[in-house]
Amino acid sequence: MPSNAPIGVFDSGLGGLSVLQAVRALLPHESLLYVADSHFAPYGERPDAFIEQRSLAIGRWLREHGAKALVVACNTATAHGVAALRADAPWPVVGVEPGIKPAAASSTRGVIGVLATAATLRSTRFAELLARHTAQGQRFLCQPGRGLVEHIEAGDVDSPEVMALLEQFIDPMLSQGADTLVLGCTHYPFLIPAIRRRFGTALTLIDTGAAIARQLQRRLETDDLSAPRLLNASGSLQLFATANATALQTMADRLLPNAPRVQTVEIADFGPRGPASLDLPPNLPIISV
Ligand code: DGL
């Protein structure tokens, strides 16, 4: 794979733009292909196997479109799909996980709120991550952020409904002494202004976008896949959505200078369990953790 090939980045929707923005800031010379799987968003209320299969389908699509490496810019897809993605092909796959480690390092009281999707919180990967830190005496108050992703996908980051959800989720953390909040879903950094407005500086907010970009940089260097840094030349960017291109476009225009037009694509399912296992309606009933 040539080192000037693009890097594939995906999320269930527009949340991964928070990671893409950090990647663009650190590695402006790298070309990027971003896929928002908006047709199936949110992933956070989907069954584990469904999330794994969508991750595989998008990973393969990005590889077929020339990606040299993959950033799974979604905690939920990382929790349920990163192992299958790594087993599927020998290419660099960088995932994201809730910033439990930096939160444990930054909390002075040792009480940490974790806001993430229901699917992330019930995953084995997350349980193992947490176990490594609870063993050191920290307390983690884990809260599924049900409803938040739907609002953010609709471009709503500060309506009274969003503020009410934030209060419902964060007030109990504060009353139990939390001083740190892990934003364990890549959509949630878009809520930082709303969280700050409502809760001031009562909580240190942990977002891992910049750390993921640094991890990607290290991985590209190790695999000898870094694009050449040419003076003043920036890498290209292409944005794709499997539905709801307008939502992705609006957020991309807000975050990225000269954001390109979003292209709508269909990405078929062809995971190891075959297409039949994905014969599921886009909106499944909510499953509880
Ligand atoms: N942005 C995603 C995450 O980091 C997924 C949100 C969702 O689709 O539920 O988990």
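Use the structure listed above.
Treat the numbers as computed from the prediction; the structure is a model and nothing was measured.

Scoring rules and cut-offs
- Residues numbered from 1 in each chain as written.
- Predicted model: local features only at pLDDT ≥ 70, side-chain atom pairs only at ≥ 80, totals over all residues.
- Heavy atoms only, no water.
- Phe/Tyr/Trp six-rings, centres within 6.5 Å; stacked < 30°, edge-to-face > 60°.
- Helix = DSSP H or I, 4+ residues; strand = E, 2+ residues; numbered from the N terminus.
- Buried < 20%, exposed > 50% of the residue type's maximum accessible area, 1.4 Å probe, protein only.
- Salt bridge = Lys/Arg side-chain N within 4 Å of Asp/Glu carboxyl O.
- Arc of directions from axis to C-beta.
- Contact = heavy atoms within 4.5 Å.
- Axes fitted to C-alpha atoms, helices over the stretch in contact; angles between N-to-C directions.
- Parallel < 35°, antiparallel > 145°, perpendicular 65-115°, else oblique.
- Left-handed = near helix turned anticlockwise from the far one by under 90°.
- Nonpolar A, V, L, I, M, F, W, Y, C, P; charged D, E, K, R; others polar.
- Pairing = 2+ DSSP bridges.
- Right-handed = clockwise from strand over helix to strand, strands pointing away.
- 1 Å grid on protein atoms, 1.4 Å probe; cavity = no way out; pocket = protein on both sides within 12 Å on 5 of 7 lines; lining within 4 Å.
- Points joined across faces, edges and corners; volume = space filled by probe spheres on them.
- Near = heavy atom within 4 Å.
- Polar contact = N/O pair within 3.5 Å; in protein donor to acceptor, adjacent residues only side chain to side chain.
- Core = buried A, V, L, I, M, F, W, Y, C linked by side-chain atoms within 4.5 Å.

Enquirer: Which residues make up the packing of aromatic side chains, and what values go with them?
Expert: Scanning the model with the defined rule gives two aromatic pairs in all. Ring centres of F40 and F50 lie 5.4 Å apart, and the angle between their planes is 65 degrees; this geometry places the pair in the edge-to-face category. Taken as a pair, F40 in the loop between β2 (32-36) and α2 (48-64) and F50 in helix α2 lie far apart in primary sequence, ten residues in all. The exposure class of F40 is buried, given its relative accessible area of 10%. Residue class for F50 comes out buried when judged on its relative accessible area of 2%.

Enquirer: Break down the pattern of salt bridges for me, citing the residues and quoting the values.
Expert: One pass over the full model with this rule turns up twelve salt bridges. Across the pair E45 and R146 runs a salt bridge whose closest N-O atoms are separated by 3.0 Å. Placement of the pair is E45 in the loop between β2 and α2 and R146 in the loop between β6 (139-144) and α7 (148-153), with a sequence separation of 101 residues. In this structure E45 comes out as buried when scored by relative accessible area, which is 12%. With a relative accessible area of 26%, R146 lands in the partly exposed category.

Enquirer: Outline helix α9 (residues 192-199), listing residues and values.
Expert: All of the buried residues in α9 are A194, I195 and F199. Angular distribution of buried residues about the axis of α9 spans 100 degrees; they occupy a single face of the element. Exposed positions of α9 whose direction lies more than 90 degrees from the buried face are P193 and R197. The inward-facing, buried residues of α9 abut α8 (160-175), β7 (180-183) and β8 (204-206).

Enquirer: Please provide a residue-by-residue account of the packing of α8 against α9, values included.
Expert: As a packed pair, α8 and α9 sit with axes 11 Å apart at the nearest point and diverge in direction by 60 degrees. The angle between α8 and α9 places the two elements in the oblique class. The interaxial crossing formed by α8 with α9 has right-handed handedness. Contacts between α8 and α9 involve M163, L166, E167, I170, D171 and L174 on the former and, on the latter, A194, I195, R197, R198 and F199. Residue classes in the contact of α8 with α9 are distributed as seven nonpolar, no polar and four charged.

Enquirer: Got a sec to walk through the pairing of strand β1 (residues 7-11)? Specific residues and values, please.
Expert: Taken across its five residues, β1 has five buried, putting it largely inside the fold. Burial along β1 is two-sided: I7, V9 and D11 facing one way and G8 and F10 facing the other are all buried. In the sheet, β1 pairs with β2 via five bridges, with the strands oriented parallel. From the neighbouring strand, I7 faces β2, where its bridge partner is L32. In this region the chain leaves β1, passes through helix α1 (residues 17-26) and returns to the parallel neighbour β2; the handedness of that crossover is right-handed.

Enquirer: So what's going on with empty space enclosed by the protein? Which residues, and what values?
Expert: Applying the stated criterion across every chain yields a total of three cavities of 30 Å³ or more. Here the largest cavity is characterised by a volume of approximately 90 Å³. What lines the largest cavity is simply P42, G44, E45, T117, A118, G145, R146, G147, V149, E150 and Y188.

Enquirer: Before we move on, could you go through the site of the ligand and cite the residues and values that matter?
Expert: The local shell around the ligand holds 13 residues, among which S12, Y43, G44, T76 and H187 are the closest. Separating an oxygen atom of the ligand from a backbone N or O atom of Y43 is a distance of 2.6 Å. Within the contact set of the ligand, an oxygen atom lies 2.8 Å away from a backbone nitrogen or oxygen of N75. Looking at the shell around the ligand, its residues break down into five nonpolar, seven polar and one charged.

Enquirer: Can you break down the nonpolar core residue by residue, with the values?
Expert: Membership of the largest hydrophobic core comes to 59 residues, with the highest contact counts inside it found for L17, L166, L181, Y188, L191, I195 and L248. The greatest single-element share of this core, amounting to seven residues, is contributed by α8. When sequence neighbours within four positions are dropped, the list of residues in contact with L17 reads Y34, F190, L239, L248, M251, A252, L255 and L256. Among the nonpolar cores identified, the runner-up in size contains 27 residues, and V72, V93, F240 and I267 belong to it.

Enquirer: Which residues make up the side chain of H133, and what values go with them?
Expert: Tracing the chain through its elements places H133 in helix α6 (residues 124-134). According to the relative accessible area criterion, H133 is buried, its value standing at 10%. Among residues more than four places away in sequence, those in contact with H133 are I100, K101, A104, Q138 and F140.

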